[in-house]
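Geometric and topological summary
Residue strings, one per chain:
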Amino acid sequence: MSLKITIKAALSKTMPFFLIAAAYFFYTKMKAMPNPQAEVINISAYVIFFVGAALSWKFNRSREFYILIILAIGISALTYGPEISGTALRKEDIYSIISLVIPLNIALFSFFKERGIISLWGGLRTALILAQGLLVYWQMESGTGEWLELLNKDWVPVNLHAAAPLPQLSVIAFIITLIILITRLFIYPASSQDISFIGVLLAIFYVLHHNSSLLPYSIFFAASGIVLIISIIQDSYSMAFSDELTGLPSRRALKQDMMKLGFNYVIAMLDIDHFKKFNDTYGHDTGDEVLKLVASSIRDVAGGGRAFRYGGEEFTILFPGKSVNDVLPHLEELRDRISKRPFTIRAKVRSKSSPQKRSLGSKTSKQVYITVSIGVSQKNEKYKTTDSVMKSADIALYRAKKKGRNRVSK
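A brief structural summary. (Residues numbered from 1 in each chain as written. Predicted model: local features only at pLDDT ≥ 70, side-chain atom pairs only at ≥ 80, totals over all residues. Heavy atoms only, no water.)

**Focus: the overall build of the chain**
A tally of regular secondary structure across the chain gives 15 helices and seven strands. The buried share of the chain, reckoned over its 410 residues, is 44%. When the accessible surface of the chain is split by element, carbon and sulfur atoms take 62% of a total near 22,000 Å². (Helix = DSSP H or I, 4+ residues; strand = E, 2+ residues; numbered from the N terminus. Buried < 20%, exposed > 50% of the residue type's maximum accessible area, 1.4 Å probe, protein only. Areas by Shrake-Rupley, 256 points an atom, 1.4 Å probe, with all protein chains shown as cover.)

Okay, here's the thing in structure tokens:
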């Protein structure tokens, strides 16, 4: 079970890079594609951007939404910019601008929090994108080429042109953005957004590095859009089926997995002992840390079990294809391991006398030990449905509580 979850997580994290590799393979096979088919691929990039923007809007994923907008503007400028009449920009100038704008915006929007698209914050971010376009237009209308010279100037005494034909400033922007995104992965390891942004960044760098024809632009920009769409779906799924505090699958995921159980299975209900008293004494923030501690222990339960957060301080563990006798040693080992794991409290002890005195409680720093009670039941002639087995496990849990807690009851 643990290995299965690990493989699934690894695939989720590496999916953007598989997609970019697939885009490269597709490109190598389609270089000699007839014009009608190539035109379909060119249009498909915009269709993907539209679908991605619609999903971003629906699921309130503003960072993906605005990066998709930037990518759409980028490929449009690279494709149709040189054909626009009356412009003072050459094809090379547009290439230099887009090569800088895309990595800078990916870095910038990676820092923004999800605060909606139709909101004040969304309006400000839209204005930021428009301001960049107006700045380019104003510089273009001014007739001066000094700003373009700055874009193409060598800023460091290193020959980066041998590695990439992009302007040196653009290469630096790509490198800095990559460093930022990798650093964010260590700060926010659970998010798939930054991984998808890295995939997009690498795809755009590759296609700009080669700067050959319209077809690779369409393929790799479209692949970038697909990477962002998958990121939206993955994060939305995680929000729906994972508990945000503990990282365990949520009650909704539990209900789905219960429907997949076969003829033999065991359900265990686990409850943290004296959790309400603990919360009242040390505060809800410390209580949340206790929940995380217990969740980290039951996540690795042996015996083929899968843990879920049922609600509050209560957890559920499913053991498909097992009997009570099979899982009891594993549950006893889990209970014992939790009870021997120290938890250090560094908080203020809250006074119960009055709300005013709660903030004046004395500071404490000490080690306490958390215990859990577990009730377990299996499917049999008496309990034939998942609901009845879970109810039986819940009754067994209360028996464990009445017998003194910190024990497993069946």
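**Details of a positive patch on the surface**
Residues Lys382, Arg399, Lys403 and Arg407 make up a contiguous surface patch of positive charge. Position of lysine 403 among the secondary structure elements: in the loop between helix 15 (386–402) and strand 7 (408–409). (Patch = residues over 30% accessible without salt bridge, like charges linked within 9 Å, V, L, I, M, F, W, Y side chains within 5 Å. Salt bridge = Lys/Arg side-chain N within 4 Å of Asp/Glu carboxyl O. Lys, Arg positive; Asp, Glu negative; His and termini not counted. Charge placed at Lys NZ, Arg CZ, Asp CG, Glu CD.)

**Quick word on the nonpolar core**
Soluble globular proteins tend to bury their nonpolar side chains together. Core analysis: the largest hydrophobic core is formed by 48 residues, its most contacted members being Leu71, Leu208 and Phe221. For this core, the secondary structure elements donating two or more residues are helix 1 (2–29), helix 2 (35–58), helix 3 (62–80), helix 4 (91–111), helix 7 (168–187), helix 8 (193–210) and helix 9 (214–241). With 10 residues, helix 9 is the largest single contributor of residues to this core. Each residue touching leucine 71, except ones within four places of it in the same chain, is listed here: Phe49, Ile102, Val200, Ile204, Phe221, Ser224 and Leu228. Phe278, Ile317, Leu328 and Leu334 belong to the second-largest nonpolar core, a separate cluster that totals 33 residues. (Core = buried A, V, L, I, M, F, W, Y, C linked by side-chain atoms within 4.5 Å. Contact = heavy atoms within 4.5 Å.)

**Description of the pattern of salt bridges**
One pass over the structure, following the stated rule, counts 14 salt bridges. Here aspartate 257 makes a salt bridge to arginine 306, at a shortest N to O gap of 2.5 Å. A residue pair is termed long-range when its members are at least 10 positions apart, and aspartate 257 in helix 10 (residues 251–259) and arginine 306 in strand 2 (residues 306–311) qualify at 49 residues. Residue class for aspartate 257 comes out buried when judged on its relative accessible area of 17%. With relative accessibility at 26%, the residue arginine 306 sits in the partly exposed group. In this structure, glutamate 332 and arginine 335 form a salt bridge, with 3.1 Å as the shortest nitrogen-oxygen distance. Residue glutamate 332 and its partner arginine 335 are located together in helix 13 (residues 324–339), separated by three residues, close to a single helical turn. You can call arginine 335 buried: its relative accessible area is 14%. If you follow the salt bridges from partner to partner, you end up with Arg61, Glu64 and Asp235 in one network.

**Describing helix 13**
Residues spaced three or four apart along an α-helix face the same direction, because each turn holds 3.6 residues. Taking 1.5 Å per residue as the helical rise, helix 13 with its 16 residues ought to reach 22 Å, and the 22 Å between its terminal C-alpha atoms agrees with that figure. Looking at helix 13, one finds that the buried residues are Val324, Val327, Leu328, Leu331, Leu334, Arg335, Ile338 and Ser339. (Expected span 1.5 Å × (residues − 1).)

**A word on the sheet that holds strand 3 (residues 314–320)**
The sheet built from five strands is open, its strands ordered 2-3-1-6-7 with mixed pairing. Strand pairing shows two members of the sheet lacking a second neighbour, strand 2 and strand 7, which therefore form its edges. Helix-sheet contacts for helix 12 (residues 284–298) involve strand 1 (265–272), strand 2, strand 3 and strand 6 (372–378), and the interaxial angle to strand 1 is about 155 degrees. (Pairing = 2+ DSSP bridges. Axes fitted to C-alpha atoms, helices over the stretch in contact; angles between N-to-C directions.)

**Side note on the environment of threonine 79**
With respect to the element layout, threonine 79 can be found in helix 3. Taking relative accessible area as the criterion, threonine 79 reaches 13% and is therefore assigned buried. Taking C-alpha positions, threonine 79 is 9.4 Å from lysine 91, a pair spaced 12 residues apart along the chain. With residues near it in sequence (within four places) discarded, threonine 79 still touches Tyr46 and Leu214.

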